[in-house]
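Geometric and topological summary
Listed here are the chains, written in short residue letters.
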Amino acid sequence: MSNKQAIIDNFQILERYYKQEGDRWREQAYNRAIIAIRGLNISDIKNINQVKKVPGLGKQSVEKINEYLETGQIAKVEEVKKLIVKEKENQKNVSKQRILGKFASVLGAGEKTAEKWWDAGMRSLDDLRKNPKLLTHQQKIGLKYYDDLHTRIPREYITTFQLMVRYVLAKEVGMNGYELTVAGSYRRGNSSSGDIDILITSKKLTLKTIVDTLKKWDIITDVISMQKEKFMGIAHCPSGQYFYFHVDIVFLPKEQWGAGLLWFTGSKGFNIMMRAK
């Protein structure tokens, strides 16, 4: 390789380094130096006098060219090479952590599952969607509605949703056939919530009947889990006006209504304090 090309290569490393550091003045200075050296009407640089008065080459650039001609390297370049490599490694680690964080935030996943997916070669949510064998039923639902489930639900959405549920259940069993309350952060008065917690008690309905009814009306779209007294799933407003929500429905015997309302309203810190007392 000629000295001319080697000096250009060295200055490109310095240009990249100062760009990385946000030093725009030095970045531009080395960019001008590269353009000036490329424009020299000579095939190679053998002597410092060939570049001393070239427009675009400042004093520091000329000194570094002289250093290269005398020693075969530029000390500053050797120094920043390590820093650029280190920055690349940091970016790689940051990228991995960002992807693992996204994986762990999938419904039904977590840190261990995220690492497992990474080790299996997954690098994006689309990779996961193309490999459903790696996913549980719950995780498939989490991926299907990933963006919606990471959107806070405005209070007015929840108000509309609970009115719709009340209307549907009233149509099935009458206004006095059940008691329903939205608990959680909504009942605490928050302006938005991460999911919707509904408490229901009824002498006429079972939890299965309630869930089946809401599915029939296309309010519940996906079942995550169904137990005797608790349902977890995905719901929306059939009009399509709102996005999909994570909804939990807890069915309580009438005699447990007061205690259940207290517990499921929270907050978590309040419940911990209450248990301690």
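Residues numbered from 1 in each chain as written. Predicted model: local features only at pLDDT ≥ 70, side-chain atom pairs only at ≥ 80, totals over all residues. Heavy atoms only, no water.

Moving on, we come to the nonpolar core. With 32 residues, the main nonpolar core has Phe161, Ile196, Ile198 and Ile249 as its most contacted residues. Breaking this core down by element, the ones donating at least two residues are helix H9 (155–173), strand S2 (179–182), strand S4 (196–201), helix H11 (207–216), strand S6 (230–235) and strand S7 (245–251). Of the residues forming this core, the biggest block, eight residues, is contributed by H9. Those residues in contact with Ile249 that lie beyond four places of it in its chain are Ile198, Ile200, Leu207, Leu214, Ile220, Glu229, Lys230 and Phe231. (Core = buried A, V, L, I, M, F, W, Y, C linked by side-chain atoms within 4.5 Å. Buried < 20%, exposed > 50% of the residue type's maximum accessible area, 1.4 Å probe, protein only. Helix = DSSP H or I, 4+ residues; strand = E, 2+ residues; numbered from the N terminus. Contact = heavy atoms within 4.5 Å.)

Relative to each other, H9 and H11 sit at 110 degrees, their axes nearing to 10 Å. Here H9 is positioned roughly perpendicular relative to H11, judged by the angle of their axes. Relative to H11, H9 is oriented so that their crossing is right-handed. Here Val165, Val168, Leu169 and Glu172 of H9 lie close against H11, whose contacting residues are Ile210, Thr213, Leu214 and Lys216. Per-class residue counts for the contact of H9 with H11 are five nonpolar, one polar and two charged. (Axes fitted to C-alpha atoms, helices over the stretch in contact; angles between N-to-C directions. Parallel < 35°, antiparallel > 145°, perpendicular 65-115°, else oblique. Left-handed = near helix turned anticlockwise from the far one by under 90°. Nonpolar A, V, L, I, M, F, W, Y, C, P; charged D, E, K, R; others polar.)

Here we come to the environment of Lys96. Note on placement: Lys96 falls in helix H4 (residues 75–104). The class for Lys96 is partly exposed, based on a relative accessible area of 27%. Spatially, the C-alpha atom of Lys96 lies 13 Å from that of Leu125, the residues being 29 residues apart in sequence. In this structure, Lys96 is in contact with Glu115 and Trp118, ignoring residues within four places of it in sequence.

It is worth spelling out the side chain of Thr201 at this point. Along the chain, Thr201 falls in strand S4. A distance of 3.4 Å separates a polar side-chain atom of Thr201 from the backbone nitrogen of Lys254. The residues touching Thr201, leaving out its near neighbours within four places in the chain, are Tyr178, Glu179, Phe251, Leu252, Pro253, Lys254 and Trp257. (Polar contact = N/O pair within 3.5 Å; in protein donor to acceptor, adjacent residues only side chain to side chain.)

Following the sequence through the fold, Arg275 ends up in helix H13 (residues 268–276). Note: C-alpha distance between Arg275 and Ile249 (26 residues apart in sequence) is 23 Å.

These figures capture arrangement, not role.
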